[in-house]
Amino acid sequence: MRRRSPTPVLALLALTALAAAPGRAAGPTLYQHGGRATAQAGAFTARGATPVAVTYNPAAITRLDGLQFEVGFDFTAPRDDYSSRTGDFAADHIITLSPAVYATWHTPEDRYPFAFGLGFNSESWYFMDWEPALFPGRFLNRRQELSLWDAQAVIAYELDERWSVGAGVHYYFGTLGEGRNRVLPVAGQGGFVHSIEVARLAEADIDGLGFDLGFQFDGGTWGWGLVADSGAELEGTGEVKYAPRDVPADPVLQSNLAARFGTGTSRQSFELPWEVRTGFWAAPYPELRLELDVAYQAWSVIDTTVLEVQPNPFSATRREATVRDWHDTVSVRLGLEGDVADHWMVSAGLGWEPSPVPRQTLDPGFPRGDALVYAVGFSYVLPQVSIDVGYSFHDYGSTQATGQEPQNPRVNGSYETRNQVWALSGSWKW
């Protein structure tokens, strides 16, 4: 028999967590994992009906019987363009592929009401790499990278037949990179001073810890979920490299460049903001399930980002601070899934993902605006095995921008972004 506990106690705990936690999910991080959840625009907080619940809601793994596994791949194919009277420019069309693995185990229910889970996926796979030769914004930010892996371990407990609570720890690790160009004076033969454009690339291996707390109510034909995530402070060290461009055949100039622009060290940091998200699902009839999720992301924790490089020919000091002043956001996601035939299920979703980046501090590294997300997918389900395929299209529209061309400060431009996400996953239980 499953243990029972007074539900008012859990309700009070849930309200306390909701009041105390802010958020994470839009911006450069990923919130869609697994084929089934991707096909529903990420609306999976309340149900978590597959082992991907490890990352969506740790409390939901108590609904997964026995030993279960899920493996898959997520693909992203973004397209970013910048247009102004200077010309039209495109960022490198980088297709990313990130694997994901999850495992859950529920102890024998007649003895223990515990469940355990492990997960490994990508928290962020963000690359913005503009054409280095002619792009006019290269003197602000030419290359931005935030690639993060998330190794997760969770534990959940059934308070009674309907309520469960879960908690998890996340270890994030990956790479933070930033690249920009400067035109600097460098002496050559006969004391002649050349104006040389130098490209700098600073990268750092970063890591950090985060925690989350989840609640779930399962009423059979409807349910509710809540997750509060602590975010994480990420920091680390790495290399900085300098690459002078279009250098004349002047041996004195080349010697001075080699002495001044060697490899150095960098230190960088980034913060994953706190998050709280809640979801409600209902089944109007057994073959149809709907879920509505709302996520609050406290991106305002990112007011300034700091890069420390040594040596730093770009500045009089080795520390460079960039004002961000990002805004908190509220995302809304709606998903549905329906049984259409024996073993077959179709899914669809619609989402609104606002950008945390204000127009005043927008730069080529983080140029994306608000996004509408359209998602579809299907699943083939057997008693022990499920194959899930999801696709979502992120339409960021056009974002007007000023001050993107330091050499032509009066020129206004616009960024236009769209992103396609595919997800394929398979799950099975023993």
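The structure we're discussing is the one just above.
Throughout what follows, the structure given in this document is the object of discussion. Just so it is clear, the model here is predicted, and its values are computed rather than measured.

Focus: the overall build of the protein
Part 1 of the argument: Per the secondary structure count, the protein includes four helices and 19 strands.
Part 2 of the argument: In summary, the protein has a C-alpha radius of gyration of 24 Å against a globular reference of 22 Å for 430 residues, a match within 12%.
Part 3 of the argument: Projected onto its principal axes, the C-alpha coordinates of the protein cover approximately 90 × 35 × 35 Å.
Part 4 of the argument: For the protein, buried positions account for 53% of its 430 residues.
Part 5 of the argument: Accessible area of the protein: about 18,400 Å², with a carbon and sulfur share of 60%.
Part 6 of the argument: Positive and negative side-chain charges in the protein, numbering 32 and 50 respectively, have mean positions lying 3 Å apart.

Some details on the environment of Glu-197
Part 1 of the argument: Among the structural elements, Glu-197 can be located in strand β7 (residues 193-218).
Part 2 of the argument: Here the side chain of Glu-197 touches Asn-181 through a polar contact of 2.8 Å, side chain to side chain.

What about the pairing of strand β19 (residues 413-429)?
Part 1 of the argument: Pairing of strand β1 (residues 67-84) with β19, which is carried by 17 bridges, proceeds in the antiparallel orientation. The partner of Tyr-82 across the bridge, within β19, is Tyr-415.
Part 2 of the argument: Direction of pairing for strand β18 (residues 385-401) relative to β19: antiparallel, over a ladder of 16 bridges. Residue Asp-388 lies in a different strand from β19, and its bridge partner there is Ser-425.

Quick look at the pattern of salt bridges
Part 1 of the argument: Counted by the stated rule, this structure contains 22 salt bridges.
Part 2 of the argument: The residue Arg-143 makes a salt bridge to Asp-129 at a minimum N-O spacing of 3.9 Å. Taken together, the positions of Arg-143 in strand β5 (residues 143-158) and Asp-129 in strand β4 (residues 114-129) put the pair 14 residues apart, joining distant regions of the chain.
Part 3 of the argument: Through salt bridges that share partners, Arg-36, Arg-47, Arg-289, Glu-291, Glu-337 and Asp-339 make up one connected network.

Examining a nonpolar patch on the surface
Part 1 of the argument: Residues Leu-292, Val-294, Tyr-296, Val-330, Val-332, Leu-334, Leu-350, Trp-352, Leu-372 and Tyr-374 make up a contiguous nonpolar surface patch of about 810 Å² in total accessible area.
Part 2 of the argument: When contributions to the nonpolar patch are tallied by element, the ones reaching two or more residues are β12 (288-297), β15 (329-341), β16 (344-353) and β17 (371-381).
Part 3 of the argument: If you trace the backbone, Tyr-374 turns up in strand β17.
Part 4 of the argument: Take Tyr-374: its relative accessible area is 39%, and that puts it in the partly exposed class.

Overview of the packing of aromatic side chains
Part 1 of the argument: On inspection of all chains with the given rule, the structure shows 29 aromatic pairs.
Part 2 of the argument: Aromatic pair Phe-120 and Trp-149: ring centres 5.2 Å apart, planes at 10 degrees, arrangement stacked. Here Trp-149 lies in strand β5 and Phe-120 lies in strand β4, a separation of 29 residues in the sequence.
Part 3 of the argument: Residue classification places Trp-149 among the buried positions, given a relative accessible area of 19%.
Part 4 of the argument: Residue Phe-120 is classed as partly exposed on the basis of its relative accessible area of 30%.
Part 5 of the argument: Taken together, Phe-120, Trp-125, Phe-127, Trp-149, Tyr-171 and Phe-173 form an aromatic cluster joined through their ring pairs.
Part 6 of the argument: Geometry around Tyr-31 places Arg-333 over its ring, the cationic atom sitting 4.1 Å from the centre.
Part 7 of the argument: Here the guanidinium or amino end of Arg-368 rests over the ring plane of Tyr-396, the centre of that ring lying 5.6 Å away.

Comments concerning the pairing of β7
Part 1 of the argument: Bridging between strand β6 (residues 163-187) and β7 involves 25 bridges; their strand directions are antiparallel. Note that in β7 the partner of Leu-184 across the bridge is Ile-196.
Part 2 of the argument: As defined by bridge partners, β7 adjoins strand β9 (residues 232-245) across nine bridges and the pair is classed as antiparallel. Within β9, the position partnered with Ala-199 by the bridge is Ala-243.
Part 3 of the argument: Summarising the sheet, β7 and strand β8 (residues 222-229) pair through seven bridges and their orientation is antiparallel.

Notes on the side chain of His-33
Part 1 of the argument: Following the sequence through the fold, His-33 ends up in the loop between α1 (7-20) and α2 (35-38).
Part 2 of the argument: A relative accessible area of 3% means that His-33 is categorised as buried.
Part 3 of the argument: With sequence-adjacent residues up to four places away left out, His-33 is seen in contact with Thr-38, Val-52, Thr-55, Tyr-56, Asp-74, Tyr-102, Asn-121 and Ser-122.

What counts, and at which threshold
- Here the residue numbering is sequential within each chain, running from 1 through the sequence in written order.
- Local features in a predicted model are, by the rule used here, given only for residues with pLDDT of at least 70; side-chain atom pairs are given and counted only at 80 or more, and totals for whole chains, interfaces and linings are based on all residues.
- Excluded from the side-chain calculation are hydrogens and water; included are all heavy atoms of the structure.
- Numbering goes from the N terminus for both helices and strands, where a helix is a DSSP run of H or I of at least four residues and a strand is a run of E of at least two.
- Restricting the calculation to C-alpha atoms gives the radius of gyration, and the globule rule supplies 2.2 Å times the number of residues raised to the power 0.38.
- Only protein chains enter the calculation, and the probe is 1.4 Å; a residue is then buried if its accessible area is under 20% of its type maximum, exposed if over 50%, and partly exposed in between.
- Only the protein chains shown count as cover for residues, with accessible areas throughout obtained via the Shrake-Rupley method and a probe of 1.4 Å.
- We count Lys and Arg on the positive side and Asp and Glu on the negative side, and we leave His and both chain ends out.
- Where a charge lies is defined by one atom per residue type: Lys uses NZ, Arg uses CZ, Asp uses CG and Glu uses CD.
- Under this definition, polar contacts are N or O atom pairs within 3.5 Å; protein pairs additionally need one hydrogen-donor-capable and one acceptor-capable atom, and for neighbouring residues in sequence, both atoms have to be side-chain atoms.
- DSSP bridges decide pairing: two strands pair if at least two such bridges lie between them.
- Any Lys or Arg side-chain nitrogen found within 4 Å of a carboxyl oxygen on Asp or Glu counts as a salt bridge.
- Each patch groups residues whose relative accessible area exceeds 30% and which form no salt bridge, using 9 Å between like charges and 5 Å between nonpolar side chains of Val, Leu, Ile, Met, Phe, Trp and Tyr.
- In summary, the pairing rule links any two rings of Phe, Tyr or Trp, Trp by its six-membered ring, whose centres are within 6.5 Å, and it sorts them by plane angle into stacked for under 30 degrees, edge-to-face for over 60 and tilted for everything else.
- Only when the NZ atom of a Lys or the CZ atom of an Arg is both within 6 Å of the ring centre and within 35 degrees of the ring normal do we say a charge sits over the ring.
- Any pair of residues with heavy atoms lying within 4.5 Å of one another is described as a contacting pair.

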